[in-house]
Amino acid sequence: MGERKGLILIGAPGSGKGTQAKRLKDQFGLAHISTGDLLRAAVAAGSELGRKAKGYMDEGGLVPDSLVIDLLRLALDGPEAAAGFILDGFPRTLPQAEALDAAVAIDKVIDIQVPFSLIEERITGRRMSPSGHVYHVKYSPPKVEGVCDVTGEALYQRSDDTAEKVRSRLSKFEQETRPVIARYQSKGIVVAVDGVGEPDEVYARILAVL
Ligand code: AMP
């Protein structure tokens, strides 16, 4: 306890959790555990977990707790997470938070705040590279439209990054994830960070509260 750094990045879809988690990983050598990335990899691989999860993800719903909790346990046991970890997109429900707290110590929860009025444009403009690099058609476009700067691969849009799916994802956030933030607030470990602005500016705000 205490030796292993445990951070949670929490916030609405499109708040920049993934972007900021990658930076923290690179600077501090912590594992970046994104349950969304792990689930998308399972869907792409056509595994049993992927087949079970796909329908929920396509609808902008949440994957059942038992599946996600198992996935997270495996990731926490991996060698990259030995020195510490950054959770991105987990926990999203109270049962997930309870399972997490029973397994590991969490030092800090960084609540990245972005007004809902900005979320739709952020999400619908998002483009992904199969290699994991993320772009935005307006805010961080690739040098050549539709092509990853780093790997040259064709960019794609997540199937749940549409205006109508955003609404159900935001309502899940309000119903299921707000209480998770409240749970950690009552433990006194939540720090709120303004998520509006350039990724560099937001990252500087995160470093200031770490
Ligand atoms: P994300 O990449 O974090 O936006 O996650 C993409 C989708 O994967 C979500 O909309 C959910 O359907 C599913 N998902 C990711 N993490 C979780 C979680 N902790 N609990 C339930 N579903 C999740």
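Description of the structure in this document.

What counts and how
- All chains use their own residue numbering, which begins from 1 and follows the written sequence.
- In view of the model being predicted, local features appear only for residues whose pLDDT reaches at least 70, and side-chain atom pairs are presented and counted only at 80 or more, with totals across whole chains, interfaces and linings using the full set of residues.
- Only hydrogens and water are set aside; all other atoms, that is, all heavy atoms of the structure, feed into the side-chain values.
- Note on pairing: DSSP must find at least two bridges between two strands before they are called paired.
- Each helix is a run of DSSP H or I of at least 4 residues and each strand a run of E of at least 2, with the numbering of both proceeding from the N terminus.
- A fitted line through C-alpha atoms represents every axis, and for helices the fit uses only the stretch in contact; the resulting angles, taken between N-to-C directions, go from 0 to 180 degrees.
- For this analysis, residues touch if any pair of their heavy atoms sits within 4.5 Å.
- Residues are classed as near a molecule or strand on a simple rule: at least one heavy atom within 4 Å of it.
- Whenever two N or O atoms come within 3.5 Å, that pair is a polar contact, provided that in protein one can donate a hydrogen and the other can accept it, and provided that, for residues adjacent in sequence, both atoms are side-chain atoms.
- Using the Shrake-Rupley algorithm and a 1.4 Å probe, accessible areas are obtained, with residue cover drawn only from the displayed protein chains.
- What counts as a salt bridge is simple: a side-chain nitrogen of Lys or Arg found within 4 Å of a carboxyl oxygen of Asp or Glu.
- Three labels apply to residues, based on accessible area from a 1.4 Å probe with only protein chains included: buried if under 20% of the type maximum, exposed if over 50%, partly exposed otherwise in between.

Glancing now at the sheet that holds strand β4 (residues 108-113). The strands that make up a sheet are held in pairs by hydrogen bonds between backbone atoms, and each pair lies either parallel or antiparallel. The sheet built from 5 strands is open, its strands ordered β2-β3-β1-β4-β7 with parallel pairing. A single partner strand is all that each edge strand has here, and the edge strands are β2 (31-34) and β7 (190-194). Within this sheet the neighbouring strands show an average axis-to-axis angle of 20°, counted without direction. In the sheet, strand β1 (residues 5-10) pairs with β4 via 4 bridges, with the strands oriented parallel. Bridge pairing in β4 places isoleucine 10 opposite aspartate 111. Sheet strands in contact with helix α2 (residues 35-45) are β2 and β3 (84-88), and its direction is about 65° off that of β2.

Neighbouring residues of the ligand: 16 residues in total, closest Thr35, Arg40, Gly61, Gly89 and Gln96. Glycine 89 has a polar backbone atom sitting 2.9 Å from a nitrogen atom of the ligand. Protein contacts shield 96% of the accessible area of the ligand, which totals 480 Å² for the unbound molecule. The leading source of residues in the shell around the ligand is α2, at 4 residues.

Enumeration according to the criterion identifies 17 salt bridges in this entry. Note that aspartate 161 is salt-bridged to arginine 158, the shortest N-O span being 3.9 Å. Across this residue pair, the class does not change: aspartate 161 and arginine 158 are buried. For arginine 169, the salt bridge goes to aspartate 161, with nearest N and O atoms at 3.0 Å. Across this residue pair, the class does not change: arginine 169 and aspartate 161 are buried. Here the residues in one salt-bridge network are Arg126, Arg158, Asp160, Asp161 and Arg169, joined through shared partners.

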